[in-house]
Amino acid sequence: MSELSQKVCSACSGDEDTLKATEIYDHMKDLDDQWEEEDNHHIERKFEFEDFQEALDFVNEVGEIAEEQGHHPVINDFTWGKAKVKLYTHKIDGLHENDFIMAAKIDELYRDSYGE
């Protein structure tokens, strides 16, 4: 269980700075190695499932976590047995610790519920 997954996302006012490359690198070490960082702007990960229903259940559970945390990912490429999650903080147009907290919570969900 990641220490990040135990944290709670904080409300972002839009005045925060985006994370520096070194901070992003440090946080990436706490996530599953399938997460990819893109241009110090966002992180994304592709998830695979046994069938459409598992993918749908996962997307719905990620939605529940997002509502609880008040931090919402982009979920796309959702189809039979697949979903891709992209995280960045819209208000600052870049990465914030909240993105890594959500990624860790999503990793935990996937590992615990879908047997990674």
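Structure shown above.
Only a predicted model underlies this, so the values are computations on that prediction, with no experimental measurement involved. (Residues numbered from 1 in each chain as written. Predicted model: local features only at pLDDT ≥ 70, side-chain atom pairs only at ≥ 80, totals over all residues. Heavy atoms only, no water.)

Peer 1: In this structure, what is going on with the packing of aromatic side chains? I would like to understand it.
Peer 2: In this description, a pair of aromatic rings is defined by centroid distance and the angle of the planes. Using the criterion set out here, one finds 10 aromatic pairs in the structure. Arranged with centres 6.1 Å apart and planes meeting at 80 degrees, the rings of Trp-35 and Phe-47 form a pair that is edge-to-face. Placement of Trp-35 in the loop between α1 (21-28) and β1 (36-38) and of Phe-47 in strand β2 (residues 42-48) is noted, with a sequence separation of 12 residues between them. Comparing Trp-35 with Phe-47, the two get one shared label, buried. The interplanar angle of 40 degrees and the centroid separation of 5.0 Å between the aromatic rings of Phe-49 and Phe-58 together place this pair among those described as tilted. Side by side, Phe-49 and Phe-58 carry an identical accessibility label, which is buried. Through successive ring pairs, a cluster of aromatic residues spans Trp-35, Phe-47, Phe-49, Phe-58, Tyr-110 and Tyr-114. (Phe/Tyr/Trp six-rings, centres within 6.5 Å; stacked < 30°, edge-to-face > 60°. Helix = DSSP H or I, 4+ residues; strand = E, 2+ residues; numbered from the N terminus. Buried < 20%, exposed > 50% of the residue type's maximum accessible area, 1.4 Å probe, protein only.)

Peer 1: Would you mind going over the nonpolar core with me for this structure?
Peer 2: Buried together is how nonpolar side chains tend to be arranged in soluble globular proteins. If you look at the biggest cluster of nonpolar residues, it comprises 29 residues, and the most contacted ones within it are Leu-31, Trp-35, Ile-43, Phe-58, Phe-100 and Ile-106. Elements represented by at least two residues in this core include exactly α1, β2, α2 (52-69), β4 (82-87) and α3 (97-114). Residue contributions to this core peak at nine residues, all from α3. In contact with Phe-58, other than residues within four places in its own chain, are Phe-47, Phe-49, Ala-83, Val-85, Ile-106, Leu-109, Tyr-110 and Tyr-114. (Core = buried A, V, L, I, M, F, W, Y, C linked by side-chain atoms within 4.5 Å. Contact = heavy atoms within 4.5 Å.)

Peer 1: Explanation requested: unusual backbone geometry in the structure shown.
Peer 2: Negative phi is the rule for most residues except glycine; trans is the rule for most peptide bonds. Its identity as a non-glycine residue notwithstanding, Asn-40 has a phi of 55 degrees, on the positive side. Take Asn-40: it is sitting in the loop between β1 and β2. By relative accessible area, which is 37% here, Asn-40 ends up partly exposed.

Peer 1: Just to check I follow, could you spell out a nonpolar patch on the surface for this structure?
Peer 2: Taken together, the side chains of Phe-52, Phe-78 and Trp-80 present a nonpolar region at the surface, about 320 Å² in accessible area. Inspection of the secondary structure assignment puts Phe-78 in strand β3 (residues 74-79). Judged by relative accessible area, Phe-78 falls into the partly exposed class, the value being 33%. (Patch = residues over 30% accessible without salt bridge, like charges linked within 9 Å, V, L, I, M, F, W, Y side chains within 5 Å. Areas by Shrake-Rupley, 256 points an atom, 1.4 Å probe, with all protein chains shown as cover. Salt bridge = Lys/Arg side-chain N within 4 Å of Asp/Glu carboxyl O.)

Peer 1: Whenever I open this one, the sheet that holds β2 confuses me. Can you help?
Peer 2: Consider a sheet: its strands pair through backbone hydrogen bonds, and that pairing is either parallel or antiparallel. One open sheet holds the four strands; their spatial order is β1-β2-β4-β3, and the pairing between them is antiparallel. The open sheet has two free edges, formed respectively by β1 and β3, since each of these has just one partner strand. Strand after strand, the sheet turns through a mean of 20 degrees between neighbouring axes, direction not considered. The pairing of β2 with β4 spans six bridges and is antiparallel. Paired with Lys-46 across the bridge in β4 is Lys-84. Across the sheet, α2 touches β2, β3 and β4, and the angle it forms with β3 is around 170 degrees. (Pairing = 2+ DSSP bridges. Axes fitted to C-alpha atoms, helices over the stretch in contact; angles between N-to-C directions.)

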